[in-house]
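# Survey of secondary and tertiary structure
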Amino acid sequence: MSIFAHSRNEEEIEEEEEEKEKEEKQNNDDDDDVAFEEVNVSFACEDCDYRWESSFESDEDADETQYCPMCGTANTTQI
Ligand SMILES: [Zn+2]
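Residues numbered from 1 in each chain as written. Predicted model: local features only at pLDDT ≥ 70, side-chain atom pairs only at ≥ 80, totals over all residues. Heavy atoms only, no water.

### A look at the packing of aromatic side chains
As a reminder of what qualifies: Stacked, tilted and edge-to-face pairs are distinguished by plane angle, under 30 degrees for stacked and over 60 for edge-to-face with tilted covering the rest, among Phe, Tyr and Trp rings (Trp via its six-membered ring) whose centres lie within 6.5 Å. Strands here mean DSSP runs of E at least two residues long; helices mean DSSP runs of H or I at least four residues long; both are numbered from the N terminus. Relative accessibility decides the category of a residue: with a 1.4 Å probe and only protein chains considered, values under 20% of the type maximum give buried, values over 50% give exposed, and everything between is partly exposed.
Tallied over the full model, the rule gives 3 aromatic pairs. Relative to Phe56, the ring of Phe43 has its centre 6.0 Å away and its plane inclined at 80°; by these criteria the two rings are edge-to-face. Remark: Phe56 occurs in strand 2 (residues 51-56) and Phe43 occurs in strand 1 (residues 39-45); sequence separation between them is 13 residues. Phe56 matches Phe43 in its accessibility class, with the two residues each being buried. Look at Tyr50 and Trp52: their rings are 5.9 Å apart centre to centre, the planes differ by 20°, and that puts the pair in the stacked class. Given the relative accessible area of 12%, Trp52 is considered buried. Here the aromatic cluster, defined as three or more aromatic residues joined through ring pairs, consists of Phe43, Tyr50, Trp52 and Phe56.

The values are spatial; any link to function lies outside them.
This is the structure in structure tokens:
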């Protein structure tokens, strides 16, 4: 019956791992809730001095290069 005992142990280990995964997923959900808060960021164009505001789902999205809606340059700064 050693084989049966062995497979039982494996099942118990898998159950433990599943519970750990659930805990990790719950933690990740908390992070996602924060990320879904909209972030309003103002930009200024260095070339034509146009200023505008954009909303992003996270700070990381706002860090990406923004193109001026007026002249299309990537020479913009976050203000
Ligand atoms: Zn511009």
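Once you've had a look at it, read on.
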